[in-house]
Amino acid sequence: RGWAVRGGSPTEVHGVAMKCGCTWARVVIAIGVFLILVGGIVGGIAGQELLRLQHVVQAKCSIAGFQADMEREVVIAGRTCERSCGFYVSVVAEGQPPFYVLNWMPEYQESYHSSTGFIATHEHFACCPTSAEDCCGFESESTGLFCDNFGVTQAECPAGPWPCYFEPLGDDQLALGLPASA
């Protein structure tokens with residue numbers, strides 16, 4: 001048996017009456033067109049992002065010191081971390097001379113798992129304080145290590161430089177970023 005069309009009446013396939021599939025075909029075509037449009041938009045955005053990222057350089061970073069230490073011109077009694085919070089970061093990329101990025105802070109996100117309501121966004125800062133109120137806690141007074149490298153003395157903490165990237169922006173400026181956390 002095959003399709004039997006009877007002047008506008010339902011179509012019969014293997015003895016089962018069915019209405020004309022025209023509406024169904026239109027829905028399938030509409031969905032297909034929609035998916036193609038969405039795919040084109042997503043592909044275009046991804047293409048733009050790839051073009052932007054072609055100038056990104058992968059590197060290894062580590063907190064090198066407090067920003068206030070870098071800016072200090074006169075000797076001040078006490079630790080600079082007590083006056084302002086921020087860091088300069090050492091950036092090492094293959095085939096390029098090392099350099100520093102100034103005025104940097106780890107990123108934080110809201111979390112009910114923390115007494116301050118925030119946790120570090122990236123796992124490389126899991127042992128860092130969760131508030132800039134405790135800026136001096138970013139550095140161990142006894143070892144001189146910063147919290148991104150506490151793993152040297154504390155097994156549950158990260159150790160060593162962390163993966164980062166930078167993107168030259170022109171006029172001797174750049175953007176420093178970290179890969180997305182899992």
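Look above for the structure.
Residues numbered from 1 in each chain as written. Predicted model: local features only at pLDDT ≥ 70, side-chain atom pairs only at ≥ 80, totals over all residues. Heavy atoms only, no water.

Undergrad: Can you break down the overall build of the protein residue by residue, with the values?
TA: A count of helices and strands for the protein gives two helices and nine strands. Listed by position from the N terminus, the elements making up the protein come as β-β-α-β-α-β-β-β-β-β-β. A buried classification covers 26% of the 182 residues belonging to the protein. When contacts within the protein are restricted to residue pairs at least 6 apart in sequence, those whose partners lie at least 24 apart make up 44%. Here the protein has roughly 12400 Å² of accessible surface; of this, 58% comes from carbon and sulfur atoms. (Helix = DSSP H or I, 4+ residues; strand = E, 2+ residues; numbered from the N terminus. Buried < 20%, exposed > 50% of the residue type's maximum accessible area, 1.4 Å probe, protein only. Contact = heavy atoms within 4.5 Å. Areas by Shrake-Rupley, 256 points an atom, 1.4 Å probe, with all protein chains shown as cover.)

Undergrad: How would you summarise the side chain of Asp-148 if you had to cite specific residues and measurements?
TA: Structurally, Asp-148 is set in the loop between β7 (118-120) and β8 (162-170). Summary of buried charges: Asp-148 has no salt-bridge partner, and the nearest side chain of opposite charge, Lys-60, is 12 Å away. Among the polar contacts listed, one links the side chain of Asp-148 to the backbone nitrogen of Ile-63, at a separation of 2.7 Å. If we ignore the near neighbours within four places in the chain, the residues touching Asp-148 are Ser-62, Ile-63, His-124, Phe-125, Cys-128, Pro-158, Ala-159, Gly-160 and Trp-162. (Lys, Arg positive; Asp, Glu negative; His and termini not counted. Salt bridge = Lys/Arg side-chain N within 4 Å of Asp/Glu carboxyl O. Polar contact = N/O pair within 3.5 Å; in protein donor to acceptor, adjacent residues only side chain to side chain.)

Undergrad: Requested: an account of the state of the cysteines, with residues and values cited.
TA: In protein structure, a disulfide is the covalent linkage between the sulfur atoms of two cysteines. For the structure on display, the rule yields four disulfides. Here Cys-85 pairs with Cys-135 through a disulfide, and the sulfurs are 2.2 Å apart. For the disulfide bridge between Cys-85 and Cys-135, the dihedral angle about the S-S bond is near 85°, and by the sign convention the bridge is right-handed. Residue Cys-85 is found in the loop between α2 (67-71) and β4 (87-92), and its partner Cys-135 is found in the loop between β7 and β8; the two are separated by 50 residues along the sequence. Given a relative accessible area of 28%, Cys-85 falls into the partly exposed group. Taking the relative accessible area as the measure of exposure, Cys-135 reaches 3% and is therefore buried. (Disulfide = S-S within 2.5 Å.)

Undergrad: So what's going on with the nonpolar core? Residues and values would help.
TA: Among the nonpolar cores identified, the biggest contains 25 residues, and Phe-87, Val-91, Phe-125 and Trp-162 are the most heavily contacted of them. Among the elements of the structure, β3 (57-66), β4, β5 (99-104) and β8 are those that each provide at least two residues to this core. If one sorts the elements of this core by residue count, β3 sits on top with four residues. (Core = buried A, V, L, I, M, F, W, Y, C linked by side-chain atoms within 4.5 Å.)

Undergrad: Give me the lowdown on the environment of Val-152, citing residues and values where you can.
TA: Here Val-152 is to be found in the loop between β7 and β8. Apart from residues lying up to four places away in sequence, Val-152 is in contact with Leu-145 and Ala-159.

Undergrad: Mind laying out the environment of Ala-126, listing which residues take part and the relevant values?
TA: With respect to the helices and strands, Ala-126 occurs in the loop between β7 and β8. Note on Ala-126: relative accessible area 56%, which makes it exposed.

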